[in-house]
Amino acid sequence: MVDQLQRRRSTGLVWLFAAVLVAFATAISAAQPAPAAKSNGLAQTPPVGWSSWNQFGDDINEQLVIESIDAMVSNGMRDAGYVYVNLDDGWQRYKGKRSDHPLEFDPKKFPRGISYLADYAHQRGMKLGIYSGPGQTTCAGYTGSEGHEAEDAKMFASWGVDHLKYDSCCSHRDAPKDELQKIFRTMSNSLMAQKRGIVLHACHCGWGDIWEWAAALGVNHWRIGQDISDDFNYPGNREQYYFDVLDQLDRGVGLEKYSGPGHWNDYDMLIVGLNGKSGQLVGTGASNIEYRTHFSLWSMVNSPLLVGADVRKLDAYSLETLTNKEVLALNQDPAGNVAQKVRDDGDLEVFAKELEDGSHAVLLLNRGAATATMTFSPRADLQVPMDRYTVRDLWRHRSLGTYDIPFTAEVQSHEARVFRIRQLSTSVNGRSSLDGPEPESAQ
Ligand code: GLA
């Protein structure tokens, strides 16, 4: 009897203990909820502008930035949408560990300070970006933000900065995810504590499947791979540091769903206009057609479009490429849909996406060495029963007429042809060639 009583008592105690444990755990989890999705509401379309790194490395200064802003205003880039002017690594005063140096701008390179440049940009309807990293030093060896994130975010905001590239230099490759997340969460929270909205770019080489979790921390864009090379076929395998244009493109296939308004997959800065003369990147340069293809692809997949070339000296072809408003509009489309690869016939690939107005952007890519004839069928490739549709060529700036059959196009080696197709309601006579003149009546 006594035994039974004791057993009951100890069973009761076990239950009481378990109940206390459950209550305790519930209280703790209520006090520390799982990190909720955060958003600063910025970058509803991918950031478009210029960044100093690809051409100039850390050899940057006030004069260069002012001249670049002036050039972007006078050559039409600003009006086409290139509003970000981003200082990359090298604006800082000191090289070496943050524990040994404060983070300050270099007064020799930037005699009037960063806020002067921010004002200069804002007065012209543009925005200023800056660069730091979560380590003791940045990739080029300048002082980083480790342990000073809140203080640095406050300083950037007080200068009037609009964008921060926060660069881990491909470190922490095999670090646990919570460690990685902490790095970017700390800076994201610090930026969000400022009155000024600052776009956050996590430059992290795609480690730790960053696309899966960065948006929830409030990151606005994240690199999906390592640095781009200035070419289409950088020799060697993909374990090497540099990714050529096609490597970056392939890296993004399957990641489309993570990208959308406010949070974008970043395929790295543009190489258009570098022409093999980059101060920083490997690669011997690409042809005009290849640079245009690269720009078309980045527009289709909604990568940020940050020009890496010297905007003061762009050749006419590069400028025309970068300011093609019809192609840029695909990147800036408010729906934010990322193009999917809808067909892969070896070297011939088709990418497509639906735009906000219900039309579709279609890109025909020829990765091969010889010109190819490519065919596109809305019904087969988009799974849309589009029996009658108009086609517009966004590089030739021509409407090609109305079709009720698949359309074909000649695509040169490494060329991408880009079209916007729009469904019509009833059937008319079909047209099968893209290259004939369009009938006026087809408009
Ligand atoms: C890394 C980044 C580059 C550039 C440099 C600066 O390599 O990937 O885009 O910012 O650092 O040091």
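For the structure, see preceding data.
To keep things clear, this report deals only with the structure shown in the data block. (Residues numbered from 1 in each chain as written. Predicted model: local features only at pLDDT ≥ 70, side-chain atom pairs only at ≥ 80, totals over all residues. Heavy atoms only, no water.)

Digging into the packing of helix H6 (residues 149-159) against helix H7 (residues 177-192)
- Running from amino to carboxyl end, H6 crosses H7 at an angle of 40°, the nearest separation of the two axes being 8 Å. On the basis of their axis angle, the class for H6 and H7 is oblique. The crossing of H6 and H7 is right-handed. Facing H6, whose interface residues are Glu149, Ala150, Asp152 and Ala153, H7 presents Thr186, Met187, Ser190 and Leu191.
- For the contact of H6 with H7, the per-class residue count stands at four nonpolar, two polar and two charged. (Axes fitted to C-alpha atoms, helices over the stretch in contact; angles between N-to-C directions. Helix = DSSP H or I, 4+ residues; strand = E, 2+ residues; numbered from the N terminus. Parallel < 35°, antiparallel > 145°, perpendicular 65-115°, else oblique. Left-handed = near helix turned anticlockwise from the far one by under 90°. Contact = heavy atoms within 4.5 Å. Nonpolar A, V, L, I, M, F, W, Y, C, P; charged D, E, K, R; others polar.)

Re the sheet that holds strand E9 (residues 340-345)
- If you trace the six strands from one edge of the open sheet to the other, you get E9-E10-E11-E16-E13-E14, paired in antiparallel fashion. The open sheet has two edge strands with one neighbour each: E9 and strand E14 (398-403). Between one strand and the next, the sheet's axes are offset by a mean angle of 25°, whatever the strand orientation.
- Strand direction decides the pairing type here: strand E13 (residues 388-393) and strand E16 (residues 416-424), joined by six bridges, are antiparallel. Residue pairing in the sheet places aspartate 393 in a bridge with phenylalanine 419 of E16.
- Its contacts with the sheet put helix H10 (residues 288-300) on strand E10 (348-354), strand E11 (360-366) and E16, and the angle it makes with E11 is roughly 140°. (Pairing = 2+ DSSP bridges.)

Points about the site of the ligand
- Within the structure, the ligand sits among 13 residues, and Asp88, Asp89, Lys165, Asp167 and Asp227 are positioned closest to it.
- The separation between an oxygen atom of the ligand and a polar side-chain atom of aspartate 89 is 2.8 Å.
- Within the contact set of the ligand, an oxygen atom lies 3.1 Å away from a side-chain nitrogen or oxygen of arginine 223.
- When the ligand sits alone it has 300 Å² of accessible area, and the protein chains cover 93% of it.
- Residues that form the shell around the ligand fall into these classes: seven nonpolar, no polar and six charged. (Near = heavy atom within 4 Å. Polar contact = N/O pair within 3.5 Å; in protein donor to acceptor, adjacent residues only side chain to side chain. Areas by Shrake-Rupley, 256 points an atom, 1.4 Å probe, with all protein chains shown as cover.)

Points about the environment of aspartate 250
- Looking at the secondary structure, you find aspartate 250 in helix H9 (residues 245-252).
- Taking C-alpha positions, aspartate 250 is 9.7 Å from lysine 341, a pair spaced 91 residues apart along the chain.

Section: the state of the cysteines
- Using the criterion set out here, one finds two disulfides in the structure.
- Across the disulfide, cysteine 139 is cross-linked to cysteine 169 (sulfur-sulfur distance 2.1 Å). On the sign convention where negative means left-handed, the S-S torsion of about -100° between cysteine 139 and cysteine 169 marks this disulfide as left-handed. Within this pair, whereas cysteine 139 is found in the loop between strand E3 (127-132) and H6, its partner cysteine 169 is found in the loop between strand E4 (163-167) and H7, the two being separated by 30 residues in sequence.
- Owing to a relative accessible area of 43%, cysteine 139 belongs among the partly exposed residues under this scheme.
- Take cysteine 203: it sits in no disulfide, and the sulfur closest to it among the cysteines is that of cysteine 205, at 5.9 Å.
- Under the relative-accessibility criterion, cysteine 203 is labelled buried at 3%. (Disulfide = S-S within 2.5 Å. Buried < 20%, exposed > 50% of the residue type's maximum accessible area, 1.4 Å probe, protein only.)

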